[in-house]
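# Commentary on secondary and tertiary structure
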Amino acid sequence: MKTFQYILLLLIILPLIESQAQERKYSTYYYQKASLFEKLPVDDNDIIFLGNSITDGAEWAELFNNPNVKNRGISGDITMGVYDRLDAILKGQPAKIFLLIGINDVARGTSADSIVQNIRLITETIMTKSPDTHLFLQSVLPVNDSFDKFHGHTSRYKMVPEINDQLKKLAKGKNVTYIDLFSHFVNESGIKMDAKYTNDGLHLTGEGYLLWRKIVEPWISNQ
């Protein structure tokens, strides 16, 4: 009888545990921001910057002096996190999406192949659900391990070019625009982030955001 009661208890508890695990798939901050983005409007005049903390940290509308340039970055986000919140963006059929994602997947030990496969899924979803949206795949930015911060990200700096090589091929295969940010941000090593654009080896300072703006501005203004 006790064995039956134990099995019955497990049948009741396990679904609750699984449900809680699903609810906590991402951070509290992720759900705070994602729930806000679900409420905020997107329309076919909008230009969306989509990604993680590096995107989240910018004031995009001010950088481009354009209220239609909107920030949909969430600090800590990963490729599947972006995928899981695409509907809140694609329902508005935005004019353009600038995607930068993947470095937090690197920190989690995800392979370059898996990261790019997830970005492929994001790309195909955007093309299917919002076919008039012009998608820009931005290269993953370099990192710098000399700051002794974000070790999970910065210690794997050699993965970034590998991801970008695959992203470039993905963009070509899907006929979407690839934007090389990486080569503009590296130092003399050719692989690590130039220290003048960061103060922690991962995130950008103001000067870094100004450089980013300069690189992508032609695609912002080009209708």
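Residues numbered from 1 in each chain as written. Predicted model: local features only at pLDDT ≥ 70, side-chain atom pairs only at ≥ 80, totals over all residues. Heavy atoms only, no water.

An unreviewed UniProt entry lists the chain under the name Sialate O-acetylesterase, with Marinilabilia rubra given as the organism.

### Some thoughts on helix α12 (residues 206-221)
Inclusion rule: Secondary structure elements are defined from DSSP: runs of H or I of at least 4 residues count as helices, runs of E of at least 2 residues count as strands, and each element is numbered from the N terminus. For a helix, the expected span equals 1.5 Å multiplied by the residue count minus one. In this analysis the local bend is the angle between axes fitted, respectively, to the seven residues ending at and the seven residues starting at the residue. Burial status follows relative accessibility: with a 1.4 Å probe on protein chains alone, a residue under 20% of its type maximum counts as buried, one over 50% as exposed, and anything between as partly exposed.
In a regular helix each residue adds 1.5 Å, so 16 residues correspond to 22 Å; α12 covers 21 Å between its end C-alpha atoms and thus fits that length. In the structure, α12 departs most strongly from a straight axis at isoleucine 215, where the bend amounts to approximately 45 degrees and where the proline proline 218 lies between one and four residues downstream. What α12 keeps buried is the set Gly208, Tyr209, Leu211, Trp212, Ile215, Val216 and Ile220.

### Focus: the nonpolar core
Spelled out, the test is: Only buried residues count toward a nonpolar core. Its members are Ala, Val, Leu, Ile, Met, Phe, Trp, Tyr and Cys residues joined through side-chain atoms within 4.5 Å. Contacts are assigned to residue pairs with any non-hydrogen atoms lying within 4.5 Å of each other.
With 58 residues, the main nonpolar core has Phe49, Phe185, Trp212 and Val216 as its most contacted residues. Not counting the four nearest positions on each side in its chain, valine 216 is found in contact with Phe49, Phe64, Phe98, Gln138, Ile179 and Leu181. Tyr26, Ala34, Ile74 and Ile78 belong to the second largest nonpolar core, which has six residues in total.

### Notes on the sheet that holds strand β2 (residues 69-73)
Think of a sheet as strands paired side by side through backbone hydrogen bonds, with each pair either parallel or antiparallel. Our working definition: Two strands make a pair as long as DSSP finds a minimum of two bridges between them. Between N-to-C directions, angles cover 0 to 180 degrees, with each direction set by a line fitted to C-alpha atoms, over the stretch in contact for helices.
Strands sit in the order β2-β1-β3-β4-β5 across an open sheet of five strands; the sheet is parallel. Of all strands in the sheet, those bounded by a partner on one side alone are β2 and β5 (177-179). Taking each pair of neighbouring strands and ignoring which way they run, the sheet shows an average axis angle of 20 degrees. Pairing analysis gives five bridges linking strand β1 (residues 47-51) to strand β3 (residues 96-100), with the strands arranged parallel. By the bridge assignment, isoleucine 47 is partnered in β3 with lysine 96. Across the sheet, helix α8 (residues 112-129) touches β3 and β4 (134-138), and the angle it forms with β4 is around 165 degrees. Sheet contacts for helix α10 (residues 159-174): β4 and β5; angle to β5, the most-contacted strand, approximately 155 degrees.

### With respect to the pattern of salt bridges
Under the convention used in this document: Criterion for a salt bridge: a side-chain nitrogen of Lys or Arg within 4 Å of a carboxyl oxygen of Asp or Glu.
Scanning the entire structure with this criterion turns up six salt bridges. Ionic pairing is found between arginine 85 and aspartate 77, a salt bridge with its closest N-O pair at 2.9 Å. In this pair, the class of arginine 85 matches that of aspartate 77, namely buried. Note that aspartate 87 and lysine 129 form a salt bridge whose closest N and O atoms lie 3.0 Å from each other. Note that aspartate 87 is positioned in helix α6 (residues 87-90) and lysine 129 in helix α8, a separation of 42 residues in sequence.

### Regarding the environment of asparagine 68
Positionally, asparagine 68 belongs in the loop between α4 (60-63) and β2. A C-alpha to C-alpha distance of 9.7 Å links asparagine 68 and alanine 95, two positions 27 residues apart in sequence. If near-sequence neighbours (up to four positions away) are discounted, asparagine 68 is found in contact with Asp43, Asn45, Asp46 and Ile47.

### Let's talk about the side chain of asparagine 104
For the record, the criterion: Counted as a polar contact is a pair of N or O atoms within 3.5 Å, where, for protein atoms, one must be capable of donating a hydrogen and the other of accepting one, and residues adjacent in sequence contribute only when both atoms are in side chains.
Inspection of the secondary structure puts asparagine 104 in helix α7 (residues 103-107). Classification of asparagine 104 by relative accessible area gives buried; the value is 10%. Separated by 2.8 Å, the side chain of asparagine 104 and the backbone oxygen of aspartate 77 make a polar contact. Other than its neighbours up to four places away in sequence, asparagine 104 contacts Asn52, Gly76, Asp77, Ile78 and His153.

### Things to note about unusual backbone geometry
We note that glutamine 93 has phi near 50 degrees; this positive angle belongs to a residue other than glycine. With respect to the element layout, glutamine 93 can be found in the loop between α6 and β3. For glutamine 93, a relative accessible area of 31% puts it in the partly exposed group. Notably, asparagine 175 is not glycine yet its phi reads approximately 60 degrees, a positive angle. Here asparagine 175 is to be found in the loop between α10 and β5. What makes asparagine 175 exposed here is its relative accessible area of 70%.

### Regarding the packing of aromatic side chains
Rules: Only Phe, Tyr and Trp rings are paired, with Trp represented by its six-membered ring, and only when their centres lie within 6.5 Å; those with planes under 30 degrees apart are stacked, over 60 edge-to-face, the remainder tilted. Lysine and arginine charges are scored as sitting over a ring when NZ or CZ, respectively, is within 6 Å of the ring centre and within 35 degrees of the ring normal.
In total, this model carries 14 aromatic pairs according to the counting rule given. Between phenylalanine 49 and phenylalanine 64, the aromatic rings sit 5.9 Å apart at their centres with planes inclined by 25 degrees, giving stacked as the arrangement. Of this pair, phenylalanine 49 sits in strand β1 while phenylalanine 64 sits in the loop between α4 and β2; the two residues are 15 residues apart in sequence, bridging distant segments of the chain. Exposure remark for phenylalanine 49: the relative accessible area of 0% places this residue in the buried category. Taking relative accessible area as the criterion, phenylalanine 64 reaches 11% and is therefore assigned buried. For the cation-ring pair, lysine 192 lies above tyrosine 157, with the distance from its terminal atom to the ring centre recorded as 4.6 Å.

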